[in-house]
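Listed below are the residues making up each chain.
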Amino acid sequence: MNLSIDVTNNDGVSNVVLTGEVDAFTAPKLKDTLLPLTKEKGQVVEVDFQDVNYMDSTGLGVFISALKSTKEHESEMRLVHMQDRVYRLFKITGLTEIINIESTVQGGM
């Protein structure tokens, strides 16, 4: 499966809506889209995971890089509407302690 990335910008907030799977094949495309958004001081990047039903460790690496970039450039990243199965990946790796995950949805595949 592929990954669709839809970005809209609104008053200092970039909404990034993901649809599909984040894996070794799609992670480079996500990284190329996400990292430039984190490099603007004061920017809020909100990543919507509602339609992401699978992510592997390569995807985690993208979000770790993005988090590092937000710290360097004084921007902010929030992950929202995460499926349980994807949230568990962040949880077991301890990333829920350092990445702002605002809400999860129940269920998933």
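Refer to the structure presented above.
Predicted model only: the values in this text are computed from it and were never measured.

Chemist: Break down the environment of Leu-34 for me, with residues and values.
Modeler: Mapped onto the fold, Leu-34 is located in helix α1 (residues 27-38). Remark: the alpha-carbon pair of Leu-34 and Val-62, spanning 28 residues in sequence, is separated by 8.4 Å.

Chemist: How would you sum up the nonpolar core? Please name residues and give values.
Modeler: Leu-18, Leu-34, Phe-49, Phe-63, Leu-79 and Phe-90 are the most contacted members of the largest nonpolar core, which totals 29 residues. Taken together, the elements giving at least two residues each to this core come down to β1 (3-10), β2 (13-22), α1, β3 (44-55), α2 (57-73), β4 (76-80) and α3 (84-92). Not counting the four nearest positions on each side in its chain, Phe-90 is found in contact with Phe-49, Met-55, Leu-60, Phe-63, Leu-79, Met-82, Leu-95, Thr-96, Ile-99 and Ile-101.

Chemist: Can you tell me about the pattern of salt bridges, naming the residues and giving the values?
Modeler: Counted under the stated rule, the structure contains 4 salt bridges. Lys-41 is paired through a salt bridge with Glu-74; the nearest N and O atoms lie 3.5 Å apart. Here Lys-41, found in the loop between α1 and β3, pairs with Glu-74, found in the loop between α2 and β4; they are 33 residues apart in sequence, far enough to count as distant. Each member of the pair, Lys-41 as well as Glu-74, is classed as exposed. Across the pair Glu-46 and Arg-78 runs a salt bridge, and its minimum N-O distance is 3.2 Å. In this pair, Glu-46 is assigned in strand β3 and Arg-78 in strand β4, connecting sequence segments 32 residues apart. A relative accessible area of 22% places Glu-46 in the partly exposed class. A network of salt bridges, in which partner residues are shared, links Glu-46, Glu-76, Arg-78 and Glu-102.

Chemist: I'd like to hear about the packing of α1 against α2, residue by residue, with values.
Modeler: In the contact formed by α1 and α2, the axes pass within 9 Å of each other and the chain directions differ by 10°. Relative to α2, α1 is oriented roughly parallel. The element α1 and its partner α2 pack so that their crossing is right-handed. Facing α1, whose interface residues are Ala-27, Leu-30, Lys-31, Leu-34, Leu-35 and Thr-38, α2 presents Thr-58, Val-62, Phe-63, Ser-65, Ala-66, Ser-69, Thr-70 and His-73. Grouping the amino acids of the contact of α1 with α2 by side-chain chemistry returns 7 nonpolar, 6 polar and 1 charged.

Calculation rules
- Residues numbered from 1 in each chain as written.
- Predicted model: local features only at pLDDT ≥ 70, side-chain atom pairs only at ≥ 80, totals over all residues.
- Heavy atoms only, no water.
- Helix = DSSP H or I, 4+ residues; strand = E, 2+ residues; numbered from the N terminus.
- Core = buried A, V, L, I, M, F, W, Y, C linked by side-chain atoms within 4.5 Å.
- Buried < 20%, exposed > 50% of the residue type's maximum accessible area, 1.4 Å probe, protein only.
- Contact = heavy atoms within 4.5 Å.
- Salt bridge = Lys/Arg side-chain N within 4 Å of Asp/Glu carboxyl O.
- Axes fitted to C-alpha atoms, helices over the stretch in contact; angles between N-to-C directions.
- Parallel < 35°, antiparallel > 145°, perpendicular 65-115°, else oblique.
- Left-handed = near helix turned anticlockwise from the far one by under 90°.
- Nonpolar A, V, L, I, M, F, W, Y, C, P; charged D, E, K, R; others polar.

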